[in-house]
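Listed here are the chains, written in short residue letters.
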Amino acid sequence: HCFPYSVKYTEGTPCDLLPGTKRETTVFYLCMPEFQTSIVSVKEKSTCVYDVIVYTSLLCSNKLYRVREDPINHIYCLSQDGKKWAKPIAYDEIQNKRSQTLFDSYTAPHLTSKIESNPKHTRNNAGKEIKKSEWPMGISFVTFFLSGTQCADGGTGWWKYEFCFNKSIKQYHVDKKKGRTEILLGLWDEKMHIDHVRENNLIDQKRTSVLFTDLYFFNGEICDQTGLPRRVQVRLRCSMRSGTHMNMLTMYLEEPAVCEYRFTVESALFCMVLKEVDEFGIPMTSLQQIIEMMNEEEDRYKEKQRRITEERDEREARKAAGGGGK
């Protein structure tokens, strides 16, 4: 669980709706490891009284505000037939599944570019095999994540969330006794997204290399308070931070209105995914194009490393030659 550090600001500008009073704001800072300091929510909880939520990794240096997770008790299994260190087959299967997490790169099965980041766009090199020898680190992650085969888990505290690209968003809690409880927040439906964009005049002309786009997920579980299905606005954001790996995702979820959510996911991967989007904000870049861009990026990186090595060797050779002449 996460405890916030709060600071109250008073003596703001006069409140027009409440004569004689001034605006005031309480800022809540929450420890979020490996998260850039940023404002994620601003709410007016009552007239001229505001709450601001800020996520920051800086607060995590103080143990009083660190995220407190439920302890995990490890279970060690041995076979009944006496074989030393042998494990049940089902247990091995669970371990293998867990090892294939979002942040691990592993050997992918035989795949072709028929798997697209957007299934309706199969115009580029359809059926062309992606050779394993061409795959740099992270290609398998990109393939599985963008095809929706592999989901991303995030969140701290009681509720966590699961994001499956172009499929669904769920909120869940795992209890040691009761197991997993989950709530479906929204499903991806391209037609419903397009209808929503049209109805709300959000249509934009076809764009290239955008920094973010908003996708709308509908048909979540019925909300007890509103009687309506939950829905989510998903913002895919290109991470411009240097040194960010393709496999790294920064995600956070907020609820600006009852059972209406805003989910932001940021990654260097989306800089490639968002190279081209249509007028409805839907990414048009195919998986094959993304893999080609990653291969090009890998080639540039290797070339840079080669030049650095050559320059270092030349300096060492000149130094050795100079020393030898004395």
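Located above this text is the structure these notes cover.
All figures in this text were calculated on a predicted structure; none of them were measured in a lab.

(A) Broad picture of the overall build of the protein. If you tally the helices and strands in the protein, you get 5 helices and 14 strands. Here the protein holds 326 residues, and the buried ones make up 38% of them. Once local pairs closer than 6 in sequence are excluded, the contacts in the protein between residues at least 24 apart make up 57%. Surface exposure of the protein reaches about 20500 Å², of which carbon and sulfur atoms provide 52%.

(B) Structural detail: the sheet that holds strand S3 (residues 38-46). Read across the open sheet, the 4 strands follow the order S1-S2-S4-S3; overall the sheet is mixed. Sheet topology places strand S1 (5-9) and S3 at the edges, where each strand pairs with a single neighbour. Strand-to-strand twist in this sheet, taken as the mean axis angle between neighbours without regard to direction, amounts to 20°. Both S3 and strand S4 (residues 49-56) contribute to a ladder of 7 bridges, which runs antiparallel. Following the sheet pairing, serine 38 is matched in S4 by tyrosine 55.

(C) Quick peek at the sheet that holds strand S12 (residues 250-257). The strand order across the open sheet formed by 8 strands is S5-S6-S7-S8-S10-S11-S13-S12, and the pairing between neighbours is mixed. Either end of the sheet is taken by a strand with one partner, and the two such strands are strand S5 (152-154) and S12. Within this sheet the neighbouring strands show an average axis-to-axis angle of 25°, counted without direction. For S5 and strand S6 (residues 160-164), the ladder comprises 3 bridges, and the chain directions are antiparallel. Pairing of alanine 152 across the sheet is with phenylalanine 163, part of S6.

(D) Here's a closer look at the packing of aromatic side chains. Here the structure, examined in full by the defined rule, presents 9 aromatic pairs. On the basis of an interplanar angle of 45° and a centroid distance of 5.2 Å, the ring pair of phenylalanine 163 and phenylalanine 263 is categorised as tilted. Within this pair, whereas phenylalanine 163 is found in strand S6, its partner phenylalanine 263 is found in strand S13 (residues 260-267), the two being separated by 100 residues in sequence. For phenylalanine 163, a relative accessible area of 1% gives the class buried. By relative accessible area, phenylalanine 263 is classed as buried at 0%.

(E) Highlighting the nonpolar core. Counting 48 residues, the largest nonpolar core has Phe145, Leu146, Phe163, Phe263, Phe270 and Ile290 as the members making the most contacts within it. For this core, the leading source of residues is helix H5 (residues 287-324), giving 5 residues. Not counting residues within four places of it along the chain, the set of residues in contact with isoleucine 290 comprises Val142, Leu146, Leu269, Met272, Val273 and Thr285.

(F) A look at the pattern of salt bridges. Scanning the model with the defined rule gives 13 salt bridges in all. A salt bridge links glutamate 310 to arginine 306; the shortest N-O distance between them is 2.3 Å. With glutamate 310 and arginine 306 both in helix H5, this residue pair falls 4 residues apart, about one helical turn. A relative accessible area of 37% places glutamate 310 in the partly exposed class. Through salt bridges that share partners, Glu162, Lys170, Arg180 and Glu182 make up one connected network.

(G) Region of interest: a nonpolar patch on the surface. The grouping of Leu211, Phe212 and Met240 at the surface amounts to a nonpolar patch, some 320 Å² of accessible area in total. Assignment of secondary structure puts leucine 211 in the loop between strand S9 (207-208) and strand S10 (212-218).

(H) Quick look at the state of the cysteines. Taken as a whole and assessed by the stated rule, the structure comprises 5 disulfides. Note that cysteine 31 is cross-linked by a disulfide to cysteine 60, the S-S spacing being 2.0 Å. What sets the handedness of the cysteine 31 and cysteine 60 disulfide is the S-S torsion sign, and at about 105° it is right-handed. A residue pair is termed long-range when its members are at least 10 positions apart, and cysteine 31 in strand S2 (residues 24-31) and cysteine 60 in the loop between S4 and helix H1 (89-99) qualify at 29 residues. Pair check on accessibility: cysteine 31 and cysteine 60 agree, each one buried. Sulfur-sulfur distance for the disulfide between cysteine 223 and cysteine 259 comes to 2.1 Å. In this structure, the disulfide formed by cysteine 223 and cysteine 259 twists by about 65° around the S-S bond and is classed as right-handed. Of this pair, cysteine 223 sits in the loop between S10 and strand S11 (231-238) while cysteine 259 sits in the loop between S12 and S13, and the two are 36 residues apart along the sequence. The residues cysteine 223 and cysteine 259 share a single accessibility class, namely buried. Numbered by order of appearance in the sequence, the disulfide-linked cysteines of the protein pair as 1-3, 2-4, 5-6, 7-9, 8-10.

(I) The arrangement of unusual backbone geometry in detail. Backbone geometry places asparagine 166, a non-glycine residue, at a positive phi of 60°. Looking at the element boundaries, asparagine 166 is found in the loop between S6 and strand S7 (168-175). A positive phi is found at asparagine 219, a non-glycine position, where the angle reads about 60°. Looking at the secondary structure, you find asparagine 219 in the loop between S10 and S11. Given a relative accessible area of 40%, asparagine 219 falls into the partly exposed group.

Basis of the calculations
- Residues numbered from 1 in each chain as written.
- Predicted model: local features only at pLDDT ≥ 70, side-chain atom pairs only at ≥ 80, totals over all residues.
- Heavy atoms only, no water.
- Helix = DSSP H or I, 4+ residues; strand = E, 2+ residues; numbered from the N terminus.
- Buried < 20%, exposed > 50% of the residue type's maximum accessible area, 1.4 Å probe, protein only.
- Contact = heavy atoms within 4.5 Å.
- Areas by Shrake-Rupley, 256 points an atom, 1.4 Å probe, with all protein chains shown as cover.
- Pairing = 2+ DSSP bridges.
- Axes fitted to C-alpha atoms, helices over the stretch in contact; angles between N-to-C directions.
- Phe/Tyr/Trp six-rings, centres within 6.5 Å; stacked < 30°, edge-to-face > 60°.
- Core = buried A, V, L, I, M, F, W, Y, C linked by side-chain atoms within 4.5 Å.
- Salt bridge = Lys/Arg side-chain N within 4 Å of Asp/Glu carboxyl O.
- Patch = residues over 30% accessible without salt bridge, like charges linked within 9 Å, V, L, I, M, F, W, Y side chains within 5 Å.
- Disulfide = S-S within 2.5 Å.

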